[in-house]
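Secondary and tertiary structure notes
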Amino acid sequence: MELKVFTNKKGNALYYMRSVRKKGKKNPTKEKVKFLGYEADLKEFYDDPIEHFRAEAKKLRTKELEERRISLSINLEEHFPLGATGGEEAVVDDLVSLGHLPLSVIYHELEIDQFVKNRRRHWPVGANVESIFRLLVFGRILFPGSKFSTWTQRSRLLLGNSRFSDDDVYRSLGFFCQYSDDLLVHLNQKVKRLYKRDTSLMFYDVTNYFWEIDNKDADILDEDGVVVSEGLRKNGPSKEHRPEPIVQLGLFMDTEGLPVDFGLFPGNNNDVKTFLPMIRRTQERMGLDKMIYVGDKGIMSGTNVANILAQKQGYIISDSALKQDEETERFILDEEGYRTTTAYMRCSALHEEERLMDYTDSLGPYEGPQDMQQEVVVFKIKSRIVPAKKSSWVGDGSRKVKVTVNKRQIVFFSRKYQVRARINRCNAIRKAQQTGTIYNGHGANKYFAKQAYDPETGELFEKAKHVRYLDEEKIAQDERFDGYYLIETNVVGTSEHEKPWKGTARFRNYDCLFELNRVVTDQDIVEMYRGLWKIEESFKITKSHLQARPVFVRKRESIQAHFLTCFIALLIIRILELKKMNKKMSHVKIIETLQAAKVGEVQGNIYKNYCSSPYLREIGLATGLDLWKVFYTKQELRSMNNKTKDI
């Protein structure tokens, strides 16, 4: 409490003021508490009104501090009462999470609570499904585990009505599954309105999640033996090289890295087969348009590209510089047309790189001057627009047809990538020399020639001795393309002599190119494609920090609900990182800080904050919460929790 004097036409006005913190403000602001009167009027009662009320304000401040100061009494001989840990729940401690409050701010900004409550009346579930959903989403971030494990720790969160059983949690999964698609549409609308979502670039990739089970799901067949419903958990190419059944998950992410939509597919589906169903449902349900789809070479087939063009959208995909037709290989290796960037490097460093890339171990130590430098090409790039033929399945899937489209080919070379590729090849060859085999050509084994018969007669030896030696011609052939990357796209920009037009982008029907209303350089396309790393990072978040696998539920609707809660947990973390914190803190540090933020009751509804991290203070400032006090009353914790719901 303090005295503040404001001057207006009537004279000096005296007010009591106090400091308050407002959402998003780093420093506290002042607000008026009480109007005391004008100085001229108060002089009838006090010789010096300003000094008098300044002293009174100081007394009030001292009194407030005294009222909030308490003494704690601790009995060092006190023990837990017998039976305190009885029952089916394993009680670890009585700490309450403080980290769920920032999550609650974003959860209620997105109005997820209202969405769930509005649909609860249509579902025969007696329990509070909104509290259950909040528990599953927050628990996935703060204490990830199975549904039962999360339920046993529900007392850590200020959920309000948490009187629901573990059976209620599992029964509610069907409810969440039924409204999953509607909730994803709702979230897209809210993110677009609140956080200005940018879907001009739509990154797509696929990962998979495993189950610790032995047998895959069986397909459901009709009387004629036709598959009616395909099993979800199937054996397929696991990203983690695991033998267990898996489920494929396709994820769309916007330009800034916020997740947009996800879909689940049987584990035996190839990545490329997931793309077409995803773009159809995402575009239809969310009404998105004027987008550029960005994916790697494993996603974009000729059929997928043809469908993108049919929808009049753009695409950017990568392709290997190896295994191209002769004309494209000549274009890549031809130095004409490249715009190069050079740099000077120490000859000693260049020699060390050559030594690491030498699989023959014939290079000795560097013997030249240490300060000698050499100019080297570190980056070069060029492009062209060429017609290309794509193979696409016809509508009924009975046959493939050749479709001719225009595409923009961008080739760039990175010396860093070249050195890395050659060092990796060298290490692989050295390993294959020690542990390689003649029975396959996987990995570096392809660089070894094998002979197991008489080359003159073609006769097989009865007791064959296989000759295995390095195929240096094959190595040299592959080394030509080290460091080269090929990107294909239909995205172009405006030209100098083009007439102005309205809008941000348009599809040119006459040449199937997607034109942005600005200049688009080759480097711009490369930077757009490089944004694909963000979706790989999102997969890492779900698997490592949110522990989305292994998955313990088995029903299809339960699996959908599980990944829905993981998706929303990822969305909340990304919004906190990218929008609230403006990238000032990594998602790893945010999750670790929120997990560590806990308070515990010390005496008589007084709670102590056990997290003194400055990161927690920054998160609190970004979400309008006072999270760095040492002590809280129970009422203050409830007030903060209620504040997150009044967004």
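If you're wondering where the values come from, they're calculated on a predicted model, not measured in any experiment.

1. Examining the sheet that holds strand S2 (residues 11-20)
One open sheet holds the three strands; their spatial order is S1-S2-S3, and the pairing between them is antiparallel. Edge strands, defined here as strands with exactly one partner in the open sheet, are strand S1 (2-8) and strand S3 (29-38). Between one strand and the next, the sheet's axes are offset by a mean angle of 35°, whatever the strand orientation. Relative to S3, S2 runs antiparallel, the two being bridged by eight bridges. Bridge pairing links Tyr15 to Phe35 in S3. Sheet strands touched by helix H2 (residues 49-67): S1, S2 and S3. Its angle to S2, the strand with the most contacts, is close to 15°.

2. As for the packing of aromatic side chains
Enumeration over the complete set of coordinates arrives at 23 aromatic pairs. A centroid spacing of 4.9 Å and a plane angle of 55° characterise the contact between Tyr209 and Phe563, whose relative ring orientation is tilted. Of this pair, Tyr209 sits in strand S5 (residues 201-210) while Phe563 sits in helix H17 (residues 556-580); the two residues are 354 residues apart in sequence, bridging distant segments of the chain. By the ring-pair criterion, three or more aromatic residues cluster together here, those being Phe6, Tyr15, Phe35 and Tyr38. The positively charged end of Lys32 is found above the aromatic ring belonging to Tyr15, 4.5 Å away from the centroid. Sitting over the face of the ring of Trp501, Arg506 holds its NZ or CZ atom 4.3 Å from the ring centroid.

3. Looking at empty space enclosed by the protein
On inspection of all chains with the given rule, the structure shows three cavities of 30 Å³ or more. Considered as a void within the structure, the largest cavity measures approximately 90 Å³ in volume. If you trace the largest cavity, you find it lined by Tyr209, Leu249, Leu251, Phe262, Ser538, Phe539, Thr542, Phe563, Cys566, Phe567 and Leu570. Secondary-structure elements contributing two or more residues to the lining of the largest cavity are strand S8 (246-253), helix H16 (533-545) and H17. Residue contributions to the lining of the largest cavity peak at four residues, all from H17. Tallied by class, residues from the lining of the largest cavity come to nine nonpolar, two polar and no charged. Reported here for the second largest cavity is a volume of approximately 60 Å³. Mapped by element, the contributors of at least two residues to the lining of the second largest cavity are helix H4 (112-120), helix H7 (166-178) and helix H8 (180-195). When residues in the lining of the second largest cavity are grouped by element, the largest group, three residues, is from H4.

4. Some remarks on the side chain of Lys407
Structurally, Lys407 can be placed in strand S14 (residues 400-414). Side chain to side chain, Lys407 and Glu488 meet in a polar contact 2.8 Å long. Non-local contacts of Lys407, meaning those with residues more than four positions away in its chain, are made with Tyr315, Arg384, Ile385, Val386, Ala388, Glu488 and Thr489.

5. Notes on helix H18 (residues 587-596)
Taken together, the buried positions of H18 are occupied by His587, Ile590, Ile591, Thr593 and Leu594. Around the axis of H18, the buried residues are gathered within 165° of arc, so they sit on the same side. The inward-facing, buried residues of H18 abut helix H3 (100-109), helix H5 (129-142), H16, H17 and helix H19 (614-623).

6. As for the packing of H5 against H7
At a minimum axis separation of 10 Å, H5 and H7 run at an interaxial angle of 95°. When the axis of H5 is compared with that of H7, the two are roughly perpendicular. Judged by residue contacts, Val129, Ile132, Phe133 and Leu136 of H5 engage Asp168, Val169, Ser172, Leu173, Phe175 and Phe176 from H7. The residue inventory of the contact of H5 with H7, partitioned by class, reads eight nonpolar, one polar and one charged.

7. Focus: the sheet that holds strand S21 (residues 598-603)
What the four strands build is an open sheet, ordered S4-S21-S22-S23; its pairing is antiparallel. The open sheet has two edge strands, strand S4 (96-97) and strand S23 (631-633), and neither has a second partner. Note: S4 against S21, two bridges, orientation antiparallel. Residue Val96 lies in a different strand from S21, and its bridge partner there is Val599.

8. Regarding a nonpolar patch on the surface
Taken together, the side chains of Ile70, Leu72, Ile74, Leu76, Val602, Tyr610, Val630 and Phe631 present a nonpolar region at the surface, about 810 Å² in accessible area. By secondary structure assignment, the location of Leu72 is in the loop between H2 and S4.

9. Re the pattern of salt bridges
Throughout the structure, instances matching the rule amount to 43 salt bridges. Residue Arg54 is joined to Glu51 by a salt bridge in which the shortest nitrogen-to-oxygen separation is 3.1 Å. Here Arg54 and its partner Glu51 are both found in helix H2, three residues apart, which amounts to about one turn of the helix. Owing to a relative accessible area of 40%, Arg54 belongs among the partly exposed residues under this scheme.

10. A word on the pairing of strand S10 (residues 292-295)
Here S10 shows two buried faces, one formed by Ile292 and Val294 and the other by Tyr293 and Gly295. Across three bridges, the pairing between S5 and S10 is parallel. Of the residues in S10, the one forming a bridge with Leu201 is Ile292. With four bridges connecting them, S10 and strand S11 (residues 314-319) associate as parallel partners. The residue of S11 that forms the bridge with Gly295 is Ile317.

11. Section: the side chain of His186
Looking at the element boundaries, His186 is found in helix H8. Given a relative accessible area of 13%, His186 falls into the buried group. Here His186 is in contact with Leu110, Glu111, Ile112 and Phe115, once residues within four sequence places are set aside.

12. With respect to the pairing of strand S20 (residues 513-516)
Here S20 shows a buried face lined by Leu513 and Glu515 and a second buried face lined by Phe514 and Leu516. Two strands pair when backbone bridges link them, and strand S18 (residues 491-492) and S20 are joined in this way by two bridges, in the parallel orientation. Considered in S20, the bridge of Val492 is made with Glu515. Pairing between strand S19 (residues 505-508) and S20: four bridges, direction antiparallel.

Cut-offs and rules
- Residues numbered from 1 in each chain as written.
- Predicted model: local features only at pLDDT ≥ 70, side-chain atom pairs only at ≥ 80, totals over all residues.
- Heavy atoms only, no water.
- Pairing = 2+ DSSP bridges.
- Helix = DSSP H or I, 4+ residues; strand = E, 2+ residues; numbered from the N terminus.
- Axes fitted to C-alpha atoms, helices over the stretch in contact; angles between N-to-C directions.
- Contact = heavy atoms within 4.5 Å.
- Phe/Tyr/Trp six-rings, centres within 6.5 Å; stacked < 30°, edge-to-face > 60°.
- Lys NZ or Arg CZ within 6 Å of the ring centre and 35° of its normal.
- 1 Å grid on protein atoms, 1.4 Å probe; cavity = no way out; pocket = protein on both sides within 12 Å on 5 of 7 lines; lining within 4 Å.
- Points joined across faces, edges and corners; volume = space filled by probe spheres on them.
- Nonpolar A, V, L, I, M, F, W, Y, C, P; charged D, E, K, R; others polar.
- Polar contact = N/O pair within 3.5 Å; in protein donor to acceptor, adjacent residues only side chain to side chain.
- Buried < 20%, exposed > 50% of the residue type's maximum accessible area, 1.4 Å probe, protein only.
- Arc of directions from axis to C-beta.
- Parallel < 35°, antiparallel > 145°, perpendicular 65-115°, else oblique.
- Patch = residues over 30% accessible without salt bridge, like charges linked within 9 Å, V, L, I, M, F, W, Y side chains within 5 Å.
- Areas by Shrake-Rupley, 256 points an atom, 1.4 Å probe, with all protein chains shown as cover.
- Salt bridge = Lys/Arg side-chain N within 4 Å of Asp/Glu carboxyl O.

Nothing here speaks to function; it is all geometry.
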